Each structure stands twice: as C-alpha cells, then as structure tokens.
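Residue-level structure breakdown
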Amino acid sequence: MQESEEPIIYGIIHIGSGALFLRIVEYRGVNDIHVIEEVKKKVVFGEEVFLKKKLSFQSILHLCSLLNGLRQLLSDY
C-alpha cells in the first residue's frame, strides 16, 4: 500500500473468559499500524462455563447486548 492511500480501519473483537475486548486500528502497512481506540468490558463467562459447563441464556443475552454496543461504536468509524 502506498503512503498516499487512505488507511484501512479494522475492528478486532476478542471474547475472553474474563473480558470482552475491542481494538480499532488504522492500518497502512505491516510496519504502520496505529490503535485508534480500545474498549474492555469485564465479563464472567469463563467462571460460568467452568462451574456449569455452559452459558446461561441470560449470559448470552448480556453478550449480545455488549456486541451490539461494539457494533454501534464500529459503525461510527
């Protein structure tokens, strides 16, 4: 990618056992990546899965709500 071109904006979502992460980055090349925004939301999915071997419907609804919020943030970019 040439320097004069507009950067590509990427959103990376990681759903972990203890937190949900979003990182929005501006990519111009392998050596030219800048983090624009980071979001971290604490969750307890790992504990629930460890104890109950599955996610409850309430936890799934909570996750969907969090993901919809992240989707809105991504659409703003």
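Note: the structure precedes this text.
Parameters and conventions
Along each chain, residue indices are assigned from 1 in the same order as the chain's sequence is written. Whole-chain, interface and lining totals are the exception, using all residues; otherwise, since this is a predicted model, local features are given only for residues with pLDDT of at least 70 and side-chain atom pairs are given and counted only at 80 or more. Here the side-chain values reflect all heavy atoms present in the structure, with hydrogen atoms and water set aside. Patches draw on residues past 30% relative accessible area with no salt bridge. Two like charges within 9 Å are joined, as are two nonpolar side chains (Val, Leu, Ile, Met, Phe, Trp, Tyr) within 5 Å. With residues, only the protein chains shown are counted as cover, and all accessible areas are computed by Shrake-Rupley using a 1.4 Å probe. Salt-bridge detection follows one rule: a side-chain nitrogen of Lys or Arg within 4 Å of a carboxyl oxygen of Asp or Glu. For the exposure calls, accessible area comes from a 1.4 Å probe over protein chains only, and a residue counts as buried if that area is under 20% of its type's maximum, exposed if over 50%, partly exposed in between. DSSP bridges decide pairing: two strands pair if at least two such bridges lie between them. Helix and strand labels come from DSSP, where a helix needs a run of H or I of at least four residues and a strand needs a run of E of at least two; each type is numbered from the N terminus. Note on method: axes are straight lines fitted to C-alpha atoms, helices fitted across the in-contact stretch only, with angles between N-to-C directions ranging 0 to 180 degrees. It only takes one pair of heavy atoms within 4.5 Å for two residues to be counted as in contact. Here a polar contact is taken to be a pair of N or O atoms separated by no more than 3.5 Å, where protein atoms must pair a possible hydrogen donor with a possible acceptor and residues adjacent in sequence count only if both atoms sit in side chains.

**A word on a nonpolar patch on the surface**
On the surface, a cluster of nonpolar side chains totalling about 260 Å² of accessible area is made up of I8, Y10 and I12. Since its relative accessible area comes to 32%, I8 is described here as partly exposed.

**As for the sheet that holds strand 3 (residues 32-42)**
With antiparallel pairing, the three strands of this open sheet are ordered in space as 1-2-3. The open sheet has two edge strands with one neighbour each: strand 1 (8-15) and strand 3. The mean inter-strand angle of the sheet, taken between neighbouring strand axes irrespective of direction, is 15°. Across ten bridges, strand 2 (residues 19-29) lies against strand 3 in antiparallel orientation. For A19, the partnering residue across the bridge sits in strand 3 and is K42.

**Some points on the environment of H34**
Within the element layout of this structure, H34 appears in strand 3. Residues H34 and I24 lie ten residues apart in sequence; the distance between their C-alpha atoms is 8.7 Å. In contact with H34, other than residues within four places in its own chain, are I24, V25 and E26. Polar side-chain contacts of H34 include one of 2.8 Å to the side chain of D32.

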